[in-house]
Amino acid sequence: MDICKTVATIYNNCYMSTNNKELFELSLRRRGFSITSQRHMVFKELIGQEPLSMRELYERLRGQVDRASLYRIISVFEKSGVVVRIPVGWKYKLELSEAFNYHHHHITCIKCNRVIPIEEDETVERLIKEVSEKHAILPFAHQLEIQGFCRACRPADS
Ligand SMILES: [Zn+2]
Ligand SMILES: [Zn+2]
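Residues numbered from 1 in each chain as written. Chains lettered and ligands numbered in written order. Predicted model: local features only at pLDDT ≥ 70, side-chain atom pairs only at ≥ 80, totals over all residues. Heavy atoms only, no water.

Considering the coordination of the zinc ion (ligand 2)
Angles between donor atoms at a metal ideally measure 109.5 degrees for a four-coordinate tetrahedral arrangement and either 90 or 180 degrees for a six-coordinate octahedral one. Here is the rule we go by: Water is absent from the atoms considered, so a metal site may look incomplete; donors are defined as N, O and S atoms within 2.8 Å of the metal, or 3.2 Å for Na, K and Ca. A simple rule labels every residue: compare its accessible area, found with a 1.4 Å probe on the protein chains alone, to the largest value its type can have, and call it buried under 20%, exposed over 50%, or partly exposed in between.
Looking at the metal site, the zinc ion (ligand 2) is ligated by H103 (NE2), H105 (NE2), E125 (OE), E125 (OE) and H142 (NE2), spaced 1.9 to 2.6 Å from it. Given the relative accessible area of 25%, H142 is considered partly exposed.

This is how it looks when you write it as structure tokens:
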């Protein structure tokens, strides 16, 4: 599988439209949060990105948003359903929620901590639905995370 191509497919399709901006503003407002230029800036930085750690996000916004503000903004985004956390070991990375993104899953490299988005797979999606139904659950949302070694980090003898 050509990972770069897959990533490009997912993220090039990621809509940068005005709908995105409207949905962002609506998400915040309906939780009682106001729209500020810094919140806009952080949101824009997350569009079309692979999942970022708080540190990576901070680096990208260096000089524009201080660390304390960034933590507060991300907290607001999480409460508003704009951003979700992807567990990476005992830490986490951040990405825009599926309201702003296509449904996808992740593979995390446990050595270099790279988080690779994977395209939706029909078989997996169907299986998740079947398993849910077997337990009399109407599935609403799910997350699927695969952990392992990426090509660069794979031990030599495997
Ligand atoms: Zn790796
Ligand atoms: Zn899925």
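Alright, that's what it looks like, and here's the rest.
Here's the deal with the coordination of the zinc ion (ligand 1)
Operational definition: Per the convention used, a helix needs a DSSP run of H or I reaching at least four residues, while a strand needs a run of E reaching at least two, with both numbered from the N terminus.
Bound to the zinc ion (ligand 1) are the protein donor atoms C109 (SG), C112 (SG), C150 (SG) and C153 (SG), situated 2.3 to 2.4 Å from the metal. As a motif over one chain, the donors of the zinc ion (ligand 1) read C-x2-C-x37-C-x2-C. Within this pair, whereas C109 is found in strand β3 (residues 105-109), its partner C150 is found in the segment after β5 (145-148), the two being separated by 41 residues in sequence. Accessibility classification places C109 together with C150 in one group, the buried group.

Section: the pattern of salt bridges
Basically, it comes down to this: A side-chain nitrogen of Lys or Arg and a carboxyl oxygen of Asp or Glu constitute a salt bridge if their distance falls within 4 Å.
Counted under the stated rule, the structure contains eight salt bridges. Across the pair K21 and E25 runs a salt bridge, and its minimum N-O distance is 3.8 Å. Taken together, the positions of K21 and E25, both in helix α2 (residues 18-29) and four residues apart, correspond to about one turn of that helix. Residue classification places K21 among the partly exposed residues on the basis of a relative accessible area of 45%. Its relative accessible area of 16% is what places E25 among the buried residues. Measuring nitrogen to oxygen at the nearest pair gives 3.7 Å for the salt bridge that ties E56 to K93. With E56 in helix α4 (residues 54-60) and K93 in strand β2 (residues 91-96), the pair connects residues that are 37 residues apart, well separated along the chain. Residue E56 is classed as partly exposed on the basis of its relative accessible area of 32%. A residue is classified by how much of its surface remains accessible, and K93, at 9% relative accessible area, is buried.

Thoughts on the packing of aromatic side chains
This is how the line gets drawn: Each pair of aromatic rings taken from Phe, Tyr and Trp, with Trp reduced to its six-membered ring, is defined by centres within 6.5 Å and is described as stacked if the planes are under 30 degrees apart, edge-to-face if over 60, and tilted in the remaining cases.
Throughout the structure, instances matching the rule amount to three aromatic pairs. Ring centres 4.2 Å apart and planes at 15° place the aromatic pair F24 and F43 in the stacked group. Here F43 lies in helix α3 (residues 37-46) and F24 lies in helix α2, a separation of 19 residues in the sequence. F43 sits in the buried class, given a relative accessible area of 3%. Between F43 and F100 the ring centres are 5.3 Å apart and the planes differ by 70°, which places this aromatic pair in the edge-to-face class. In this pair, F43 is assigned in helix α3 and F100 in the loop between β2 and β3, connecting sequence segments 57 residues apart. Residues F43 and F100 agree in their burial class; the two are buried. Through a chain of ring-to-ring contacts, the aromatic side chains of F24, F43, F77 and F100 assemble into a single cluster.

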